[in-house]
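# Descriptive analysis of the structure
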Amino acid sequence: MEEPQKRVIEINENKIAIAAAIVPWSIAGVLIRIALTRLQTYPGMPVFSLVYAQWVGCLIIGIATQYKKHLFAWHHPLHPGISSGLCGSITTFSSWQLGIFKEFANYDAYPHTRGKNVLAALSEFIVTLAMSINGLVFGNHIGELTASRWNVEFEQKIIPREFSFRYLSTADYITIVVAIISWLGVVFAAIFSNSQRDLAFACVFAPIGALTRWYLSFYNGKLPNFPIGTFIVNVFGTIVLASLTLVQSGVYMTTVGCSVVQGLADGYCGCLTTISTFVSEIIALPRRSAYCYGFTSVVVSQICMFIVLGSYIWSQGIHSYC
């Protein structure tokens, strides 16, 4: 007997709705990252605080990967909103590279030898990468275990609609309204808040970084087995973060200026760059290509860190005013 054919449903892929979904999810992502980092920053902490945010973001994207068809069926922009907006903003590649550089350069002037600097930098590199991969794999396992309980009984046909208002659904319009309200809300918070302004500025800049990363991801297929879009945003974001850290290390700024610079570092650079996508790509690529892509991304980013930030602090010293 022939198996009955599954019902096929058409799903409009509208980039306006996807971009709108990324906005509130990216704001939530940067808030989660900063909260986890602050929660895990205390005297005697056993490991650098950012690693927990990296693990959580990779865990969620691992689960979301297994629920991809389910999310598409509920509301198509949900999946890119969660994967690119939320997970891409919880995790950050540029701050990881800054942490590695700071250990190499002994930025905080700990009383130990240069050999210990190298060991500390290797620890930052290996532990973060291992924890990120662990989070992704564990998330995949959770998704496989739970997603099978809700079978998708139909085939999905994705129809690209590009940036068009013509095929927007009611849910899409609601998503756009939520995006506008959430972004305006954090802008007003940054303007009128008297405390935690760096946090408010981070939320203002987060959607810009996340949307830039999402848009450049369209170019990931241009080179075989080398996601050039992710590579560009990770390296560029690292350069920008190195420049912002340079400003924090030697330029006098007002309190507002310090909040804006920190907001750009946490919000724009933190959401422009991502480890969750980076690790997902490494796992998916053929082994040789994965090593080439991962090695090139880290080495080029560190070279940029040494040129932009290292050349300044080793010649002028560190004079932080923030």
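Residues numbered from 1 in each chain as written. Predicted model: local features only at pLDDT ≥ 70, side-chain atom pairs only at ≥ 80, totals over all residues. Heavy atoms only, no water.

### Notes on the overall build of the chain
Along its length, the chain carries 12 helices and 2 strands. Order of helices (α) and strands (β) in the chain, N terminus to C terminus: β-α-α-α-α-α-α-β-α-α-α-α-α-α. Over its C-alpha trace the chain gives a radius of gyration of 21 Å, about what one expects of a compact globule, namely 20 Å for 322 residues. Projected onto its principal axes, the C-alpha coordinates of the chain cover approximately 75 × 50 × 35 Å. For the chain, buried positions account for 48% of its 322 residues. Relative to all contacts within the chain whose residues are 6 or more apart in sequence, the contacts with residues 24 or more apart total 83%. Of the roughly 16,300 Å² that the chain leaves accessible, carbon and sulfur atoms contribute 65%. Measuring between centres, the 19 positive side-chain charges of the chain sit 4 Å from its 15 negative side-chain charges. (Helix = DSSP H or I, 4+ residues; strand = E, 2+ residues; numbered from the N terminus. Rg over C-alpha atoms; globule rule 2.2 N^0.38 Å. Buried < 20%, exposed > 50% of the residue type's maximum accessible area, 1.4 Å probe, protein only. Contact = heavy atoms within 4.5 Å. Areas by Shrake-Rupley, 256 points an atom, 1.4 Å probe, with all protein chains shown as cover. Lys, Arg positive; Asp, Glu negative; His and termini not counted. Charge placed at Lys NZ, Arg CZ, Asp CG, Glu CD.)

### Section: helix α6 (residues 114-147)
The terminal C-alpha atoms of α6 lie 49 Å apart, and with 34 residues this matches the ideal 50 Å at 1.5 Å per residue to within 8%. Of all the residues in α6, the buried ones are Asn117, Ala121, Glu124, Thr128, Ser132, Gly135, Leu136, Gly139, Asn140, Gly143 and Ala147. (Expected span 1.5 Å × (residues − 1).)

### What to know about the pattern of salt bridges
For the coordinates displayed, the defined rule picks out 1 salt bridge. The salt bridge involving Arg38 is made with Asp198; its shortest N-O contact spans 3.7 Å. Of the two residues, Arg38 sits in helix α1 (residues 15-39) while Asp198 sits in helix α8 (residues 197-216), which places them 160 residues apart along the sequence. (Salt bridge = Lys/Arg side-chain N within 4 Å of Asp/Glu carboxyl O.)

### Structural notes on a nonpolar patch on the surface
Taken together, the side chains of Phe104, Val118, Leu119, Leu122, Ile126, Phe306 and Trp314 define a hydrophobic patch exposed on the protein surface, amounting to about 640 Å² of accessible area. Put simply, the parts of the chain that give the nonpolar patch at least two residues each are α6 and α12 (287-316). Relative to the assigned elements, Ile126 resides in helix α6. (Patch = residues over 30% accessible without salt bridge, like charges linked within 9 Å, V, L, I, M, F, W, Y side chains within 5 Å.)

### Things to note about the side chain of Gln97
Relative to the helices and strands, Gln97 is located in helix α5 (residues 93-105). Given the relative accessible area of 0%, Gln97 is considered buried. Apart from the residues within four sequence positions on either side, Gln97 is in contact with Thr238, Val298, Ser301, Gln302 and Met305.

### Side note on the environment of Ser26
Position of Ser26 relative to the elements: it lies in helix α1. Measuring from C-alpha to C-alpha, the distance between Ser26 and Gly267 comes to 9.0 Å, with 241 residues separating the pair along the chain. Within polar-contact distance, the side chain of Ser26 engages the backbone oxygen of Val23 at 2.7 Å. (Polar contact = N/O pair within 3.5 Å; in protein donor to acceptor, adjacent residues only side chain to side chain.)

### Structural notes on the packing of α8 against helix α9 (residues 228-250)
How two helices sit against one another is set out by the angle between their axes and by the gap between those axes. Packing of α8 against α9 brings their axes to within 8 Å, and their N-to-C directions diverge by 150°. As the angle between them shows, α8 and α9 are arranged roughly antiparallel. On the side of α8, the interface is formed by Thr212, Arg213 and Leu216, while α9 contributes Gly229, Ile232 and Val233. Tallied by class, residues from the contact of α8 with α9 come to 3 nonpolar, 2 polar and 1 charged. (Axes fitted to C-alpha atoms, helices over the stretch in contact; angles between N-to-C directions. Parallel < 35°, antiparallel > 145°, perpendicular 65-115°, else oblique. Nonpolar A, V, L, I, M, F, W, Y, C, P; charged D, E, K, R; others polar.)

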